[in-house]
Amino acid sequence: MLGIALKMLFGDPVKLAGLLLGIAFSTLLMAQQGGFFIGLISRSANIVMEAQDVDVWVMDPKTETAEAPTPMRDVELYRVRGVEGVASAAPFVQATATLRTAERRSATAGFLGIDDGTLLGINPRFVVGTPEDLRRPDAIAIDQLGFARLWPGEPLKPGKVLEVNDRRAVVVAITEALPGFAVPVVVYTRLSQALAYAPGGRNRLSFVLVQTAPGADPAEVARRISSQTGLQAHTSRALQRKTIDYVIANTGIAPSFGVVIALGAVVGVLVTGLTFTLFVNDNLRQFAVLKAVGVSGWRILGMVMTQAIVVAFIGYAFGLWGASAFFDAVDRPLSDLKGFWLPWQVAALVAGATVAIVLLASVTAIRRVLALDPAVVFRS
Amino acid sequence: MTRGVIKSFGTGDTRAQVLRGVEFDAQAGEMTFLVGPSGCGKTTLISILSAMLTPDGGDVTVFGVEPVKLRGAKLTDFRMRTVGFVFQQFNLMPALDAAENAAVPLIVQGVGAGRARKQAAALLDRLGLGAHLDKYPAQLSAGQQQRVAIARALIHEPRLVVCDEPTASLDATSGRAVMEILKSIAVQKNRAVIVVTHDNRIYSFADRITFMADGRVVRTALPASLQEYEVA
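Residues numbered from 1 in each chain as written. Chains lettered and ligands numbered in written order. Predicted model: local features only at pLDDT ≥ 70, side-chain atom pairs only at ≥ 80, totals over all residues. Heavy atoms only, no water.

Formed by 115 residues in total, the largest nonpolar core has its most connected members in Ile4(A), Val280(A), Phe287(A), Leu290(A), Met31(B), Phe33(B) and Leu124(B). A per-element tally of this core places helix α3 (residues 98-108) of chain B first, with eight residues. In this structure Phe33(B) touches Met179(B), Val195(B), Thr197(B), Ile202(B), Tyr203(B), Phe205(B), Ala206(B), Arg208(B), Ile209(B) and Thr210(B), once residues within four positions along its chain are discounted. Counting 27 residues, the second-largest nonpolar core is a separate cluster that includes Met59(A), Leu134(A), Val170(A) and Ala177(A). (Core = buried A, V, L, I, M, F, W, Y, C linked by side-chain atoms within 4.5 Å. Buried < 20%, exposed > 50% of the residue type's maximum accessible area, 1.4 Å probe, protein only. Helix = DSSP H or I, 4+ residues; strand = E, 2+ residues; numbered from the N terminus. Contact = heavy atoms within 4.5 Å.)

All names here are of chain B. As for its position among the elements, Ile185 is in helix α6 (residues 172-186). Separated by 25 residues in sequence, Ile185 and Leu160 have C-alpha atoms that sit 13 Å apart. Look past the residues within four positions of Ile185 in its chain and what remains in contact with it is Arg126, Leu127, Leu154 and Arg191.

Listed per partner, the contact involves 25 residues of chain B and 22 residues of chain A. On the chain B side of the contact with chain A, Met52(B), Met93(B) and Val108(B) bury the most area, a combined 26% of that side's loss. Taken together, chain B and chain A are joined by one salt bridge. In this structure, the salt-bridge partner of Glu100(B) is Lys7(A), at a minimum N-O distance of 2.1 Å. Here chain B and chain A share four residue pairs in polar contact (both at pLDDT 80 or more) between them. Contributions of two or more residues to the side of chain B that touches chain A are made by α1 (42-49), α2 (72-82), α3 and β6 (160-164) of chain B. Considering every element that reaches the side of chain B that touches chain A, the biggest residue donor is α3(B), with four residues. (Buried area = accessible area lost by both parts, 1.4 Å probe. Salt bridge = Lys/Arg side-chain N within 4 Å of Asp/Glu carboxyl O. Polar contact = N/O pair within 3.5 Å; in protein donor to acceptor, adjacent residues only side chain to side chain.)

Even without glycine at this site, Asp53(A) takes up a positive phi of about 65°. With respect to the element layout, Asp53(A) can be found in the loop between α3 (46-50) and β1 (56-59). With a phi close to 50°, Glu165(B) is a non-glycine residue in the positive phi region. By the secondary structure assignment, Glu165(B) is in the loop between β6 and α6. Relative accessible area serves as the criterion here: at 9%, Glu165(B) is assigned to the buried category.

For the rest of this paragraph, the subject is helix α7 (residues 218-229) of chain A. What sets the pattern is the α-helix's 3.6 residues per turn: residues three or four places apart point alike. All names here are of chain A. Between its first and last C-alpha, α7 extends 16 Å over 12 residues, near the 16 Å set by a 1.5 Å rise per residue. Within α7 the residues assigned to the buried category are Val221, Ala222, Ile225 and Thr229. Angular distribution of buried residues about the axis of α7 spans 105°; they occupy a single face of the element. Of the surrounding elements, those touching the buried residues of α7 are β1, α4 (76-81), β2 (86-101), β9 (207-212) and β10 (232-235). (Expected span 1.5 Å × (residues − 1). Arc of directions from axis to C-beta.)

Residue and element names in this part refer to chain A. Taken as a whole and assessed by the stated rule, the structure comprises 12 aromatic pairs over all chains. Their ring planes at 25° and their centres at 6.0 Å tell us that Phe36 and Phe257 sit as a pair that is stacked. Of this pair, Phe36 sits in helix α2 (residues 13-43) while Phe257 sits in helix α9 (residues 253-282); the two residues are 221 residues apart in sequence, bridging distant segments of the chain. Judged by relative accessible area, which is 18%, Phe36 ranks as buried. (Phe/Tyr/Trp six-rings, centres within 6.5 Å; stacked < 30°, edge-to-face > 60°.)

On their own, these measurements won't tell you what the molecule is for.
What follows is the structure, encoded as structure tokens:
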């Protein structure tokens with residue numbers, strides 16, 4: 001009977017196309033917007049995600065997000081170093097400054113000042129140059145998207161000179177660092193340089209980056225640091241989560257993406273529901289014939305559900321393929337949407353939503369089929 | 001056969017009694033025609049006989065079974081195994097080819113698709129459609145479609161075959177051809193064939209004609225009186 005159900009489905013290519021289009025569009029919209037949302041809010045935590053070999057981040061108790069830390073006194077670094085389980089601790093400064101080129105182009109950049117000695121917290125993915133190049137005078141490492149913005153069309157190469165707050169900066173390396181949420185350009189430099197490029201008050205320390213002793217549990221060390229110093233301390237993963245939660249709670253991003261995703265679902269339900277109801281209506285007489293020749297209502301319901309699930313599966317596959325193709329196209333080194341991707345969790349959620357859409361869209365059709373009077377076959 | 005069958009549709013002021021105590025007999029091995037003006041209750045009667053409608057009262061017996069008393073799986077099993085249908089509009093499934101359409105009742109009974117198709121092909125061949133097994137309904141003439149429908153009605157060897165205006169959508173030649181097939185293949189010793197029709201051109205195929213009017217059987221003409229009726 002399922003074979004007959006599928007032949008009925010594929011035997012009406014126009015309605016099949018309508019059904020697939022509705023589900024594929026809905027899936028595409030939900031998956032694309034879902035991935036976009038994840039990519040966008042994840043940017044706020046890129047600074048944490050990109051830092052290599054850091055187990056625990058220590059910050060001022062008032063800090064709510066990694067992108068806007070409340071400055072701490074320099075002395076906090078030494079207090080953290082004294083906590084049991086801390087193998088090493090290094091200062092880390094985050095600041096914002098404007099880069100200006102000789103060609104009068106400018107861009108606002110997030111300056112990440114890393115410990116002059118250990119270079120702890122640096123992004124390890126260098127396209128041009130090495131982290132060691134940062135030890136040279138006035139040296140900065142810029143991300144390749146930032147380079148392309150400041151020197152469009154030029155090949156990625158070191159030696160470019162910039163002006164930052166009336167100070168000279170030389171591009172010695174180019175990284176694959178992902179952009180932040182608030183600032184699109186990421187610059188790594190030594191701590192001493194960063195403080196000079198972005199002058200401020202007396203307390204400038206943004207974070208203390210901790211490497212835990214071998215065998216020590218980072219979460220336990222973080223708790224110990226908090227209790228002994230009164231500072232806020234989180235593992236890298238916990239700080240990422242805290243930062244993302246802050247963005248979700250304090251911006252309108254989640255509701256606006258939520259509305260678009262909900263619209264995608266509503267359009268999916270309406271288009272699919274309407275088309276599926278038309279499809280079943282057109283086939284009511286055939287279902288009635290089947291009922292007349294002894295097919296039970298439940299078996300017919302099974303046929304309708306098979307048709308719905310097959311349509312959902314194919315439509316979902318098309319929609320997901322479209323969303324994947326979108327993210328594959330935009331996740332390029334020099335794209336503004338670099339770092340955006342389609343997480344499997346989004347794909348799984350959209351799959352669940354698609355099944356729900358199809359089930360919801362099938363309700364009217366199912367009710368009609370269950371209430372179908374087989375005697376209708378005698379009416380001309 | 002039915003005894004004192006009554007059936008109404010609607011409620012309150014719109015309630016209409018369609019059957020008013022129908023006494024009807026059809027014999028195995030015979031083709032019984034059910035004729036009468038539109039609205040006299042013919043279709044309602046065959047719907048009740050084929051267990052698709054439940055009467056409000058009276059007795060219905062089909063080969064010793066009282067379909068009124070059947071519920072759930074027993075009811076669908078009765079329809080599946082006991083009754084075959086031929087409709088005015090053929091009601092073939094457009095997405096299935098001729099052999100698949102004819103095989104539907106076997107597939108419903110759980111016969112494998114390959115075996116069902118083979119049996120359907122053999123029957124369609126007997127009906128003169130051996131060269132059209134792979135054709136879809138839209139590729140067949142009206143007469144050919146009705147022959148596919150007849151194959152579907154007979155493939156599972158039902159004991160009761162109900163035909164609702166089987167020639168109404170056909171021209172005279174195709175209509176006669178369809179009736180010849182029904183007469184030669186459908187009518188068997190252990191099978192009753194009931195034909196609802198308005199088409200007096202095919203009355204000659206009947207073994208017995210039951211006339212209905214206003215929800216009652218008013219007369220049954222036996223073969224001996226058939227010619228007299230045709231003249232009248």
